[in-house]
Amino acid sequence: MWMGKALAAFDADLADNLYKIWNRMASGAYFSPPVLAVEIPKPHGGGIRTLGIPTVADRIAQTVVARHLEAKVEPIFHPDSYGYRPGRSALDAVGACRTRCWKYDWVIDLDIQAFFDTVPWDLVCKAVAAHTDAPWVLLYVRRWLAAPLQQPDGVLLGRDRGTPQGSAVSPVLANLFMHYAFDQWLAREHPDVVFERYADDAVVHCVSETRAHEVLTGIADRMGELGLTLHPAKTQIVYCKDRNRPLRYERTAFTFLGYTFRPRAARDRQGRTFLAFLPAISKQALKKISREVRRWRLHRRIYHTFGELARTINPIVAGWMQYYGRFYPSALYPLLGRINAYLVRWIRNKYRRYDSTRQAHRKLGEITRGYPRLFRHWRWVSTAW
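Predicted model, so just to flag it, every value in this text is computed and none were measured.

Chemist: Tell me about helix 9 (residues 209–225), residues and numbers included.
Modeler: Over its 17 residues, helix 9 runs 24 Å from end to end, which matches the ideal 24 Å to within 8%, given 1.5 Å per residue. Those residues of helix 9 not exposed but buried are Arg211, Ala212, Val215, Leu216, Gly218, Ile219, Arg222 and Met223. Looking down the long axis of helix 9, one finds its buried residues gathered within 165 degrees of arc, a one-sided arrangement. Turned more than 90 degrees away from the buried face of helix 9, the exposed residues are Thr210 and Glu225. Those residues of helix 9 hidden inside the fold are in contact with strand 3 (106–111), helix 8 (170–189), strand 7 (201–206) and strand 8 (236–239). Remark: Gly227 follows helix 9 within two positions and exhibits a positive phi of approximately 85 degrees.

As structure tokens, this is what we get:
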């Protein structure tokens, strides 16, 4: 709400506001105001993340610098870096990880503890200085890094490290830092391993358990040299168990970008079932989505039509299907069937003649056969579970 009002106010005098930003940036007189601390749920469940939201004017100024830097550094980034880059996505990273888990028996699931809160400013600025000869870019990067964080109660918190998530310039700064801190270092020191990295989330593939321990020790030392720490509980070595890799190991599953990789039942081209190491929507992501479906309270919206319900939830459900349904989509089926169960309850509550569950189920079947594309998820699941 407040962001919408801020945009409207900025747009009311757009030309003058843009001129002020340009004039101050061109003269070196632009100073970043505090960024607003806003807590949001993590995208795939599993906790809360604090964003640093800049003002509208500050976001525009940051975007100018971000685009300048991106044009300089994008060509040198590692091909296995996927976060916040044009033409690359989280699903590309998951797909590459899936393929490599079939080729490599061991995985290092990396988690850098509080990365965006602890990344050292001096090394970020050193990396920026190596890729631009524009003094104003480095000047404003330093000022944005040092901008205080304003709490909801108005209290300002000073910082001496970190780059708050939520800013327009933070993604390219994080990628540039990790390019030197991790990507290039790993390719140079351990050329026999491969990896996928999305911002501060990374998976490293190794040919043996011994090699995985060696590489993990090296990465931990490297992060320590840079003032960072691997999360002791979330960083782990995992065995990619399947029908051809039957060894017993303590950990045979890990989660990456909302997908849990673990041994799962699969079918070959002849229809025979076998054990494969595959990704599917994680339990945390599934719980988060399930909570949102419950909050919709579809069965209580008896003053809406079926079409109105469909128009309300279709864009959201389509997004879930597009992301979490890319790999092992059947893991989503129970959730989609639960949405249909709410629709059955809606039918029972809205129409007295379908008061029994059996009659409501029968009516839902008639509607799905007559209008199979009314709800986006009916293309996959048309019955209630």
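Chemist: Describe the nonpolar core, and please don't skip the residues or the numbers.
Modeler: Core analysis: the largest hydrophobic core is formed by 108 residues, its most contacted members being Phe182, Val204, Ile219, Phe254 and Phe306. Here this core gets ten residues from one element, more than from any other, and that element is helix 8. With sequence-adjacent residues up to four places away left out, Val204 is seen in contact with Trp106, Val107, Ile108, Leu110, Phe182, Leu186, Val193, Val194, Phe195, Val215 and Ile219.

Chemist: Explain a positive patch on the surface to me, using residue names and the numbers behind them.
Modeler: On the surface, Arg262, Lys283, Lys287, Arg291, Arg294, Arg295 and Arg338 cluster together to form a positively charged patch. Along the polypeptide, Lys283 turns up in helix 10 (residues 283–296). The class of Lys283 is exposed, set by a relative accessible area of 67%.

Chemist: Summarise the layout of surface pockets; cite the residues concerned and give the values.
Modeler: Looking at the largest pocket, its volume works out to about 1300 Å³. Secondary structure elements with two or more residues in the lining of the largest pocket: strand 2 (48–53), strand 3, helix 5 (115–118), strand 7 and strand 9 (254–256). Looking at the lining of the largest pocket element by element, the count peaks at five residues for strand 2. Tallied by class, residues from the lining of the largest pocket come to 21 nonpolar, 16 polar and ten charged. Elements supplying a minimum of two residues to the lining of the second largest pocket: helix 6 (121–129) and helix 8. At four residues, helix 8 tops the list of elements feeding residues into the lining of the second largest pocket. The residue makeup of the lining of the second largest pocket, split by class, is eight nonpolar, no polar and two charged.

Chemist: Explain empty space enclosed by the protein to me, and be specific about the residues and the numbers.
Modeler: Under the definition given, this model contains three cavities of 30 Å³ or more. Empty space within the largest cavity amounts to approximately 100 Å³. Considering the residues around the largest cavity, the lining is formed by 14 residues, among which Gln62, Trp144, Leu145, Pro164 and Ser167 are closest to the centre. Where the lining of the largest cavity is concerned, the elements lending two or more residues are helix 3 (56–73) and helix 7 (135–145). Sort the elements by how many residues they give to the lining of the largest cavity and helix 7 lands first, with three residues. Class assignment of the residues belonging to the lining of the largest cavity gives a composition of eight nonpolar, four polar and two charged. In this structure, the second largest cavity occupies an estimated 50 Å³ of space. Contributing to the lining of the second largest cavity are Glu70, Glu74, Phe77, Tyr84, Arg85, Pro86, Val172 and Asn175.

Chemist: Mind laying out the side chain of Thr235, listing which residues take part and the relevant values?
Modeler: Among the secondary structure elements, Thr235 is positioned in the loop between helix 9 and strand 8. Within the structure, the side chain of Thr235 is placed 3.2 Å from the backbone nitrogen of Asp111, a separation counted as a polar contact.

Chemist: Outline the packing of aromatic side chains, listing residues and values.
Modeler: A complete count under the given rule lists 23 aromatic pairs for this structure. Pairing Tyr84 with Tyr198 gives two aromatic rings, centres 5.6 Å apart and planes at 50 degrees, and the pair type is tilted. Residue Tyr84 is located in the loop between helix 3 and helix 4 (90–103), and its partner Tyr198 is located in strand 6 (residues 194–198); the two are separated by 114 residues in the primary sequence. Here Tyr198 falls in the buried class, since its relative accessible area comes to 19%. When the ring of Phe306 is compared with that of Trp378, the centres are 6.3 Å apart and the planes differ by 55 degrees; the resulting orientation is tilted. Of this pair, Phe306 sits in helix 11 (residues 306–324) while Trp378 sits in the segment after helix 13 (357–370), and the two are 72 residues apart along the sequence. Take Phe306: its relative accessible area is 10%, and that puts it in the buried class. Ring-pair connections join several aromatic residues into one group, and the members of that group are Phe306, Trp346, Tyr351, Tyr354, Phe375 and Trp378.

What counts and how
- Residues numbered from 1 in each chain as written.
- Predicted model: local features only at pLDDT ≥ 70, side-chain atom pairs only at ≥ 80, totals over all residues.
- Heavy atoms only, no water.
- Helix = DSSP H or I, 4+ residues; strand = E, 2+ residues; numbered from the N terminus.
- Expected span 1.5 Å × (residues − 1).
- Buried < 20%, exposed > 50% of the residue type's maximum accessible area, 1.4 Å probe, protein only.
- Arc of directions from axis to C-beta.
- Contact = heavy atoms within 4.5 Å.
- Core = buried A, V, L, I, M, F, W, Y, C linked by side-chain atoms within 4.5 Å.
- Patch = residues over 30% accessible without salt bridge, like charges linked within 9 Å, V, L, I, M, F, W, Y side chains within 5 Å.
- Areas by Shrake-Rupley, 256 points an atom, 1.4 Å probe, with all protein chains shown as cover.
- Salt bridge = Lys/Arg side-chain N within 4 Å of Asp/Glu carboxyl O.
- Lys, Arg positive; Asp, Glu negative; His and termini not counted.
- Charge placed at Lys NZ, Arg CZ, Asp CG, Glu CD.
- 1 Å grid on protein atoms, 1.4 Å probe; cavity = no way out; pocket = protein on both sides within 12 Å on 5 of 7 lines; lining within 4 Å.
- Points joined across faces, edges and corners; volume = space filled by probe spheres on them.
- Nonpolar A, V, L, I, M, F, W, Y, C, P; charged D, E, K, R; others polar.
- Polar contact = N/O pair within 3.5 Å; in protein donor to acceptor, adjacent residues only side chain to side chain.
- Phe/Tyr/Trp six-rings, centres within 6.5 Å; stacked < 30°, edge-to-face > 60°.

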